[in-house]
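# A look at the structure
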Amino acid sequence: MKHVKRDTPSPAREMARIKTLRVGVALLISSLVLLVYQAVTLRTSLTEDANMLAEMVGDNTAAPLMFDDKAAAGEVLHSLRKVPYVETVAVYKANGAVFARYSKPNLSELERGEATIENARAHAGPWSLNDVIVESDVKVRGKAIGEVVLVATTDDVVVQLLHYGAFLAAASLVAIWVAFAVTSRMGARVAQGEKELE
């Protein structure tokens, strides 16, 4: 009967693996924290931009709303076609009736209907990757005569997060590989030094 000699891993190699595992877990946790922080930062920035744009639309549609000039309001809204994140925008009268609306081409019926006052008031928090929906009053001499609801798509935010996540994953893999190489080499030197002392 032949005895099969099992290769038992050296203690130095096992220590290198344990240390590499620790580094990997630490990098995973820090990468997740950075990714969440980046998501919140990007969404907050998009929300601030959308709020500022909604206020500008409110300022520019005050006169058309006051004089019931739907064509002028439509021109103001149509100028938003060049803003990449604007999906839909609607101007409402004080009684809640739609005065003017603009939607990007090729949107579904559901997406075109997102710009409602109810949706703006029930918008998602900073953790969501759903569309950002903001509202702003249309005022004349401090009196609200209507509202603007603007829907900003988060598609670019998601793309940026995917790029950032890929970068973090690549950087983490390189860091783990370097950590494993360094700890293995150090472990081998320690083991060699111990043998020489015996």
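### Here's the deal with the overall build of the chain
- The number of helices and strands found in the chain is six helices and four strands.
- Mapped from its N terminus to its C terminus, the chain presents α and β elements in the order α-α-α-β-β-α-α-β-β-α.
- On C-alpha atoms alone, the chain measures out to a radius of gyration of 29 Å, which is more than a quarter above the 16 Å that the 2.2 N^0.38 rule sets for 198 residues.
- Oriented by its inertia axes, the alpha-carbon framework of the chain measures out at about 100 × 40 × 25 Å.

### With respect to the sheet that holds strand β4 (residues 143-152)
- Spatially, four strands are ordered β2-β1-β4-β3 in an open sheet, and the strand pairing comes out antiparallel. Looking at the sheet topology across the chains shown, the edges are occupied by β2 (98-103) and β3 (132-140). Sheet twist, expressed as the average angle between the axes of neighbouring strands with direction ignored, equals 15 degrees.
- Across seven bridges, strand β1 (residues 86-93) lies against β4 in antiparallel orientation. Its bridge partner being in β4, T88 is matched across the sheet by V151.
- Its contacts with the sheet put helix α3 (residues 70-78) on β1 and β2, and the angle it makes with β2 is roughly 30 degrees.

### As for the environment of Q38
- Within the secondary structure, Q38 sits in helix α1 (residues 11-60).
- Taking the relative accessible area as the measure of exposure, Q38 reaches 22% and is therefore partly exposed.
- Distance in space between the C-alpha atoms of Q38 and Y164 is 8.4 Å, their sequence separation being 126 residues.
- Those residues in contact with Q38, other than ones at most four positions away along the chain, are L161 and Y164.

### Details of the environment of E147
- Of note, E147 is situated in strand β4.
- Judged by its relative accessible area of 13%, E147 is buried.
- What E147 contacts, discounting residues up to four positions off in sequence, is A90, V91, Y92, I117, R121, E135, S136, D137 and V138.

### Notes on the pattern of salt bridges
- All chains considered together, the criterion is met by four salt bridges.
- In this structure, the salt-bridge partner of R112 is E109, at a minimum N-O distance of 2.9 Å. With R112 and E109 both in helix α4 (residues 109-112), this residue pair falls three residues apart, about one helical turn.
- With relative accessibility at 33%, the residue R112 sits in the partly exposed group.
- Overall, the relative accessible area of 61% leaves E109 in the exposed class.
- For E147, the salt bridge goes to R121, with nearest N and O atoms at 3.2 Å. Here the residue E147 occupies a position in strand β4, and R121 occupies one in helix α5 (residues 117-121), the gap between them amounting to 26 residues.

What counts, and where the lines are drawn
- Residues numbered from 1 in each chain as written.
- Predicted model: local features only at pLDDT ≥ 70, side-chain atom pairs only at ≥ 80, totals over all residues.
- Heavy atoms only, no water.
- Helix = DSSP H or I, 4+ residues; strand = E, 2+ residues; numbered from the N terminus.
- Rg over C-alpha atoms; globule rule 2.2 N^0.38 Å.
- Pairing = 2+ DSSP bridges.
- Axes fitted to C-alpha atoms, helices over the stretch in contact; angles between N-to-C directions.
- Contact = heavy atoms within 4.5 Å.
- Buried < 20%, exposed > 50% of the residue type's maximum accessible area, 1.4 Å probe, protein only.
- Salt bridge = Lys/Arg side-chain N within 4 Å of Asp/Glu carboxyl O.

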